[in-house]
Amino acid sequence: MNTTTTKKPSFFKGLTGQILIAMLFGAVLGIIIHNSTDAATAQSFSGKIKMLATVFIRLVQMIISPLVFTTLVVGIAKLGDIKAVGRIGGKALGWFFTASFISLLLGMFFVNILKPGVGLNLSNIDLASATEVTAKTQSLTFENFIEHIVPKSIFEAMATNEILQIVIFSIFFGLAAAALGEYVKPVINGLDKTSHIVLKMVNYVMKFAPIGVFGAISGVFAVRDFQELAITYFKFFGSFLIGISSLWVVLILVGYIFLKSRMTILLKRIVSPLIIAFGTTSSEAVFPKLTEELERFGVKDRIVSFMLPLGYSFNLDGSMMYMTFASIFIAQAYGIDLDLGTQMTMLLVLMLTSKGIAGVPRASLVVVAATCGMFKIPIEGIALILPIDHFCDMFRSATNVLGNALATSVVGQWEAGDEIETALTDTI
């Protein structure tokens, strides 16, 4: 009798294990460089080693536009009519705005309870470091936001990876294709095959993920004195971690309410995307991999291709929580007392102005700076959180990925239930 058994692949041979090892080695190398070289050498090393992360993120960005366009057009064309698009879109936006409100509210709650900005020493702030962020707030107005939603050129939107603009064009293109029916079926089939080619490219690009994470982590630790940062920003970072951990608890509990035991399977599926987002501080970097994992989880491709691009523009839960937390923290540091009404107004402003921000590093800081300006809080206060922002960004990027995976899975389950109910009704 043959008793041979198939060996399970070692954890450390898988992508997740490799990324964790890369993070560890990156941190160790960065700390060694920081402690054994002068500041100029460490800065030079950081700039060069971070190129590994830059190359990885650029490789991912290279395939985002064609992936969003092809999958979303095919998904909408398969939905078949405007009614189906409107139904799924309504569910998606309802979820997104509810999740955003809860995330913003959690940030506001914990910053008011823990008061990390009260009594902070402002004498050693590097205001020059905030210039890059504050300069971008001038273009962040309601008018510019509305203009930014609608693309004037799909090629420009694709060239700059403006996901929301690509989504708008793809929705129109998909609806037009669905209206034309059989006549354009060869085009839809061609785009469907193209999307599979792009997803195959994802597998090749993801092999570079551990190297990219290694470069990102070692580059940060080479120029940051982790011990000094931990002591100086212990109260801010500790309070933020309490807030973001509470948001994770809420999201996971909601997941178990809607998905039941399948939530455990979903969490296992998205471990790799979560770690990549954590290491690179970019939820955008895992968009293609997350698409693949959600389809493997069982969400229909047309739902994934519709939900994820929308989620990356409207459902950045980690960033939402951070925005109210950081804005009120800066007000506390400058001794500015904001009453509950003002804070709720700020929350609603953030709810609107944050929609459409890219899932890339430091995008949320621009919104925070603009919001501070609206409420007469010194926007140079951004310099207060810049030294620790990278570490906060690791957690909020991973939270964004969790939130979008959950939203897509739940809406996918709702749609599957509606389809079964419709099918049963039609057979009666």
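Please read all numbers here as calculations on a predicted model, not as lab measurements.

Caption draft 1: Spotlight on the overall build of the chain. Across its full length, the chain carries 19 helices and zero strands. The buried share of the chain, reckoned over its 428 residues, is 51%.

Caption draft 2: Inspection of the UniProt feature "transmembrane region" (unreviewed entry) in the chain at higher detail. When the UniProt feature table is mapped onto this chain, "transmembrane region" (unreviewed entry) is found at residues 12-35, 55-80, 92-114, 163-184, 204-224, 236-259 and 365-386. Annotated as residues 163-184, this span is 82% helix and 0% strand, and its ends, taken at the C-alpha atoms, are 25 Å apart. With 68% helix and 0% strand, residues 365-386 has end C-alpha atoms that lie 9 Å from one another.

Caption draft 3: Quick peek at the nonpolar core. If you look at the biggest cluster of nonpolar residues, it comprises 118 residues, and the most contacted ones within it are Phe56 and Ile385. Of the residues forming this core, the biggest block, 16 residues, is contributed by helix H19 (residues 382-427). With near-sequence residues (within four places) excluded, Phe56 lies in contact with Val205, Met206, Phe208, Ala209, Gly212, Ile276, Thr280 and Ala285.

Caption draft 4: Representation of the packing of helix H3 (residues 82-114) against helix H16 (residues 317-333) in the model. Across the interface, H3 lies against H16 with an axial gap of 7 Å and an inter-helix angle of 30°. Classified by the angle between their axes, H3 and H16 sit roughly parallel to one another. Crossing geometry of H3 relative to H16 is assigned as right-handed. Together, Ala99, Ser100, Ser103, Leu104, Gly107, Met108, Phe110, Val111 and Asn112 of H3 and Asp317, Met320, Met321, Thr324, Phe325, Ile328, Phe329 and Gln332 of H16 make up the contact between the two elements. In terms of residue class, the contact of H3 with H16 is made up of 10 nonpolar, six polar and one charged.

Caption draft 5: Spotlight on the packing of aromatic side chains. Throughout the structure, instances matching the rule amount to 15 aromatic pairs. Judged by centre distance (6.0 Å) and plane angle (35°), the ring pair of Phe169 and Phe173 falls under tilted. Of this pair, Phe169 and Phe173 both sit in helix H7 (residues 163-180), separated by four residues, roughly a single helical turn. Relative accessible area serves as the criterion here: at 29%, Phe169 is assigned to the partly exposed category. The exposure class assigned to Phe173 is partly exposed, which follows from its relative accessible area of 31%. Look at Phe237 and Phe395: their rings are 6.0 Å apart centre to centre, the planes differ by 65°, and that puts the pair in the edge-to-face class. Remark: Phe395 occurs in helix H19 and Phe237 occurs in helix H11 (residues 234-259); sequence separation between them is 158 residues. Judged by relative accessible area, which is 27%, Phe395 ranks as partly exposed. The rings of Phe236, Phe240, Tyr322, Phe325 and Phe329 are connected pair by pair, giving a single aromatic cluster. The ring of Tyr322 is capped by Arg396, whose NZ or CZ atom sits 4.0 Å from the centre of that ring.

Caption draft 6: Main features of the pattern of salt bridges. Scanning all chains against the criterion turns up eight salt bridges. As a salt-bridge pair, Lys289 and Glu293 come within 3.4 Å of each other at their nearest N and O atoms. Within this pair, Lys289 and its partner Glu293 are both found in helix H14 (residues 287-297), separated by four residues, close to a single helical turn. We note that Lys289, like Glu293, is buried. A single salt-bridge network, built from bridges that share partners, covers Arg269, Lys289, Glu292, Glu293 and Arg296.

Thresholds applied
Residues numbered from 1 in each chain as written. Predicted model: local features only at pLDDT ≥ 70, side-chain atom pairs only at ≥ 80, totals over all residues. Heavy atoms only, no water. Helix = DSSP H or I, 4+ residues; strand = E, 2+ residues; numbered from the N terminus. Buried < 20%, exposed > 50% of the residue type's maximum accessible area, 1.4 Å probe, protein only. UniProt positions renumbered as here; feature names shortened; annotations may be inferred. Core = buried A, V, L, I, M, F, W, Y, C linked by side-chain atoms within 4.5 Å. Contact = heavy atoms within 4.5 Å. Axes fitted to C-alpha atoms, helices over the stretch in contact; angles between N-to-C directions. Parallel < 35°, antiparallel > 145°, perpendicular 65-115°, else oblique. Left-handed = near helix turned anticlockwise from the far one by under 90°. Nonpolar A, V, L, I, M, F, W, Y, C, P; charged D, E, K, R; others polar. Phe/Tyr/Trp six-rings, centres within 6.5 Å; stacked < 30°, edge-to-face > 60°. Lys NZ or Arg CZ within 6 Å of the ring centre and 35° of its normal. Salt bridge = Lys/Arg side-chain N within 4 Å of Asp/Glu carboxyl O.

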